[in-house]
Structure formats: structure tokens, C-alpha cells
Amino acid sequence: MRIISILIFAAAVLCPADEGQSSKADDSGFTLKTLVNDGYALSSAKGKISFSKSDNTYVFKPAKDIKDPSGVIFSGRKVKLLPCNILEQIEKYLKAEKKESIEVRVWGIITKYDDENLLFINSVMPLGEEIKSEERQNQKPDEQEMQNDKEKENDSLLPVEQLEKLKKQSPISSEQTKIFQNINPNHIEAGLTGKFEQTGEGLVFRTQHMGRKLGSQEFRVVKSGKMAKVMGRISRLPFRPLFRITGIATEYNGKNYILLQTAVRKYSYGNFSGA
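Residues numbered from 1 in each chain as written. Predicted model: local features only at pLDDT ≥ 70, side-chain atom pairs only at ≥ 80, totals over all residues. Heavy atoms only, no water.

Participant: Can you tell me about the sheet that holds strand 9 (residues 202-207), naming the residues and giving the values?
Facilitator: On the basis of which strands lie adjacent, the closed barrel formed by five strands has the order 8-9-10-12-11 and mixed pairing. Strand-to-strand twist in this sheet, taken as the mean axis angle between neighbours without regard to direction, amounts to 55°. One ladder, built from two bridges, connects strand 10 (residues 218-221) with strand 12 (residues 255-266); its direction is parallel. Note that in strand 12 the partner of Arg-220 across the bridge is Tyr-257. (Pairing = 2+ DSSP bridges. Helix = DSSP H or I, 4+ residues; strand = E, 2+ residues; numbered from the N terminus. Axes fitted to C-alpha atoms, helices over the stretch in contact; angles between N-to-C directions.)

See below:
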């Protein structure tokens, strides 16, 4: 009887019942095992930004896998975009040009919230349309141009193989780059003191000065692991405490948003009410 119990226990450990369920990917290709860490810095990731009707929001589809020690976002999978000024400009551009998507290189921060990864864009570089290989073969370059290319290759310090790779890369579109010249860049807000409040539009942070709301600012907090931790802390308290926060601030459709970097509780020690 004891041997049977040991065998049953070993089978339960080696063959967990929820293995198939936990490895099954949803529409965005994410599972608990494939999530990258909250705060992952994304640098020069090539991909496509488009509107996802099923998610009712704009998404980024990376051209290559995004990996870190904890997981991976597979190429072609959808990553929902968080509100920021750059996203607002991209939306306006796609609607004005009646385009469904735009090829870009993206720099930003990947967050993790509610069992999915999201992307907060800090910078973006629009790319031109890539010439297909069939069109390349049908093109008949001028003999003089071919001779000039060969001379450039001979003068270059780069290997010929590297030069060929550079030629195949998507060029930067000067026309599209002009669209993003007037973007208000994201900026750091440090040492803001105030209180968090859960509203119908999500978590909001309102600044206070010496416990008063005079000249206060309001920031909508974008989804991230740090936001989830703050919500957990304030939900366990019977009152709303003061916090001092630092984060990356941006604008979207005329409203202020902030991606939390730090949130430290501040104590008044009875010096002011903090109402």
C-alpha cells in the first residue's frame, strides 16, 4: 500500500494535471511561461504597429523573438501598446493615410500586468517599404551604377557579406519621419507627492503640496507590475496614504499618463491632514 502511494505521488509530480493548459497560448501568444520581466528595456526592435480589432487597441508585432531570462515574446505575436504621445501620433498618421499598419523600429519598456506583456514606447523610427526579392531580380541597374557600387565595395572597410545585408534592410522613410518631429517626448517626473485613487478609468495619481490639493496634477497610471503592487498595498488599508513617486510621464489625447518607476509611502507624522 505504501509503494502504491509513492508511485501515485511521483506521477503527480512528474506529470502535473495542468501542464497542457499552462502551455497553451492565447490570441497574443502569451502564457505564464513566456512572459518577459516587468521593466524589460526594448532597444531597436523591428516590427509592425497596427490596430487589432479583436483587442480593440493598437498592437506591436515584433519581427524577431524578444527574450530575457524569464521568458520570450515570439515574433509575430501581438503586444498591446500603452497610452503615450507617440502612439497618438501613429494613430493620427494611419487614419489620415488610411493605412492599416506601419513598419517601425521601437525603443521602449515592456511591462507585465494581469498575465500579459504590454509595451510603453519611448521612441520610434518609421521604416520605408522593403523591396521584395522578386522585384530586385527584375530590376536592371545601369552599368555605370554597377561600376560605382563595386568601387564603393572595394573602398569599404566592411566585408562584402555585411554590405549585402545592409542593402537588404528597410530604409528610413524621410516622409514618415517628418510626422514624428513635433512629438512631445516622454519625460521623467521625480519626487511627486500625492495619493492614488481607483476610478472608473483605472488607477489615478493626484499630486498634493503640504497635504493640500492646490495646483494639483492628475496622472493616469499605465499598467505595469509596479502599478499592481501599489493597488495591492492601498487595497489593504482603510485610508489613502501619501506616496512619493517617480515615473516616466507622457500625454495621450490631452490627458497625462505615467509609468511608475518607484512608489514610496510618505508619512506626515501629523504635521498636516492630507485630506
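Participant: Any details on the nonpolar core? Residues and values, ideally.
Facilitator: Membership of the largest hydrophobic core comes to 47 residues, with the highest contact counts inside it found for Ile-49, Val-106, Leu-119, Ile-121 and Phe-196. The element that contributes the greatest number of residues to this core is strand 6 (residues 101-113), accounting for six residues. Residues within four places of Phe-196 in sequence aside, it is in contact with Leu-203, Val-204, Phe-205, Val-221, Val-230, Ile-234, Arg-240, Phe-243, Ile-245, Leu-260 and Ala-263. (Core = buried A, V, L, I, M, F, W, Y, C linked by side-chain atoms within 4.5 Å. Buried < 20%, exposed > 50% of the residue type's maximum accessible area, 1.4 Å probe, protein only. Contact = heavy atoms within 4.5 Å.)

Participant: I'd love a proper account of unusual backbone geometry, names of residues and values included.
Facilitator: Working note: non-glycine residues mostly have negative phi, and peptide bonds are mostly trans. Look at Ser-44: it is not a glycine, yet its phi comes out positive at around 50°. As for its position among the elements, Ser-44 is in strand 1 (residues 40-52). Not every positive phi belongs to a glycine, and Asn-253 is a case in point at roughly 55°. Position of Asn-253 among the secondary structure elements: in the loop between strand 11 (242-252) and strand 12.

Participant: Describe the pairing of strand 7 (residues 116-126), listing the residues and the values that go with them.
Facilitator: Along any regular strand the residues' side chains alternate between the sheet's two faces. Most of strand 7 sits inside the fold, with eight of its 11 residues counted as buried. Examined bridge by bridge, strand 5 (residues 79-81) and strand 7 share two bridges and lie parallel to one another. From the neighbouring strand, Lys-80 faces strand 7, where its bridge partner is Leu-118. Bridging between strand 6 and strand 7 involves 10 bridges; their strand directions are antiparallel. From the neighbouring strand, Thr-111 faces strand 7, where its bridge partner is Leu-118. The turn linking strand 6 back onto strand 7 is made up of two residues, and Asp-114 within it adopts a positive phi angle of 55°.

Participant: Please provide a residue-by-residue account of the packing of aromatic side chains, values included.
Facilitator: By the definition in use, this model includes four aromatic pairs. Centroid distance Phe-51 to Tyr-58: 5.1 Å. Interplanar angle 70°. Geometry classified as edge-to-face. According to the relative accessible area criterion, Phe-51 is partly exposed, its value standing at 37%. Residue Tyr-58 is classed as buried on the basis of its relative accessible area, which comes to 9%. Here a set of aromatic residues connected by ring pairs shows up, and it is made of Phe-196, Phe-205 and Phe-243. (Phe/Tyr/Trp six-rings, centres within 6.5 Å; stacked < 30°, edge-to-face > 60°.)

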